[in-house]
Amino acid sequence: MKFELKVAQHASVVTLPIRMFMAHTPTYRAALIDYINRGHTRLVIDMQHLEYIDSSGLSVLISARNQALNYQGNIVLLSPSPAVRSLIELTRLHHIFEIFETETLALDFLRHSSIVEESDFDKRVIADLAS
């Protein structure tokens, strides 16, 4: 993972690796949570190079989103491949993550978005994923 602070936009871009699966998720989760805890609470998760993600990889994104929400932050997704996007839609995560095709749009959204609060719908989607 690569972390890039975008000072002018008050956000960071986190570039995911080519694969995110169970063997690596504890490391990725710890890195994202630590980054958020250090004050970087508005993140663009760049998925352009991500070719494969499993359910444990998706759980990393949910954990990071929940942690960002604790700090009144937000996380958006950038350019998932068709296969990754299909999985995001299959798991209904597109209902809780905004998805953008350009970094400019994603950063602009974060710059102008207000505090995000977890809705009852978000809680149901996350609960369904956990079961």
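Scroll up for the structure.
Residues numbered from 1 in each chain as written. Predicted model: local features only at pLDDT ≥ 70, side-chain atom pairs only at ≥ 80, totals over all residues. Heavy atoms only, no water.

> For this particular structure, what's the right way to read the side chain of Asp54?
Mapped onto the elements of the fold, Asp54 is located in the loop between β5 (52-53) and α2 (55-70). Buried charge without a partner: Asp54 forms no salt bridge, and the closest opposite charge is Arg29, 8.5 Å away. Within the structure, the side chain of Asp54 is placed 3.1 Å from the backbone nitrogen of Met22, a separation counted as a polar contact. There is a polar contact of 2.6 Å between the side chain of Asp54 and the side chain of Ser56. Once residues lying within four places of it in the same chain are set aside, the contact partners of Asp54 are Met20, Phe21 and Met22. (Helix = DSSP H or I, 4+ residues; strand = E, 2+ residues; numbered from the N terminus. Buried < 20%, exposed > 50% of the residue type's maximum accessible area, 1.4 Å probe, protein only. Lys, Arg positive; Asp, Glu negative; His and termini not counted. Salt bridge = Lys/Arg side-chain N within 4 Å of Asp/Glu carboxyl O. Polar contact = N/O pair within 3.5 Å; in protein donor to acceptor, adjacent residues only side chain to side chain. Contact = heavy atoms within 4.5 Å.)

> Explanation requested: the packing of aromatic side chains in the structure shown.
Each aromatic ring pair is specified by the distance between its two centres and by the angle formed by the two planes. Enumeration over the complete set of coordinates arrives at 2 aromatic pairs. Here Phe100 and Phe109 contribute two aromatic rings whose centre-to-centre distance is 5.2 Å and whose plane-to-plane angle is 45 degrees, an arrangement assigned as tilted. (Phe/Tyr/Trp six-rings, centres within 6.5 Å; stacked < 30°, edge-to-face > 60°.)

> Help me out: how do you make sense of the nonpolar core in this one?
Across soluble globular proteins, nonpolar side chains have a tendency to be buried as a group. One finds Leu43, Ile45, Met47, Leu61, Ile75, Leu77 and Ile88 to be the most contacted residues of the largest nonpolar core, which totals 26 residues. The set of elements that each furnish at least two residues to this core consists of α1 (25-37), β4 (42-46), α2, β6 (74-78) and α3 (82-90). Ignoring anything within four residues of it in the chain, the contact list for Ile88 reads Met47, Leu58, Leu77, Pro80, Leu93, His94 and Ile99. Of all hydrophobic cores here, the second largest spans 9 residues; its members include Val76, Leu78, Phe100 and Ala106. (Core = buried A, V, L, I, M, F, W, Y, C linked by side-chain atoms within 4.5 Å.)

> Whenever I open this one, the sheet that holds strand β7 (residues 98-100) confuses me. Can you help?
One key point about sheets: their strands pair by backbone hydrogen bonds, in either a parallel or an antiparallel sense. Read from one edge of the open sheet, 5 strands run β1-β2-β4-β6-β7, paired in mixed fashion. Since the sheet does not close on itself, it has two edges, and those belong to β1 (2-6) and β7, each with one partner. Shown here is a sheet whose adjacent strand axes are inclined to one another by a mean of 25 degrees, direction ignored. In the sheet, β4 pairs with β6 via 5 bridges, with the strands oriented parallel. The partner of Asp46 across the bridge, within β6, is Leu78. (Pairing = 2+ DSSP bridges. Axes fitted to C-alpha atoms, helices over the stretch in contact; angles between N-to-C directions.)

> Where do I start with the pairing of β1 in this structure?
Note that β1 and strand β2 (residues 11-15) share 5 bridges and pair antiparallel. Within the sheet, the bridge partner assigned to Phe3 lies in β2 and is Val14. Two successive antiparallel strands, β1 and β2, enclose a turn made up of 4 residues, where His10 displays a positive phi of approximately 55 degrees.

> Looking at this structure, I do not really get unusual backbone geometry. What am I missing?
A negative phi angle characterises most non-glycine residues, just as the trans form characterises most peptide bonds. Positive phi, normally seen in glycine, also occurs at His10, with a value near 55 degrees. On the basis of relative accessible area, His10 is assigned to the exposed category, the value being 61%. Its identity as a non-glycine residue notwithstanding, Ser79 has a phi of 50 degrees, on the positive side. Looking at the element boundaries, Ser79 is found in the loop between β6 and α3. Assessed through its relative accessible area of 12%, Ser79 is described here as buried.

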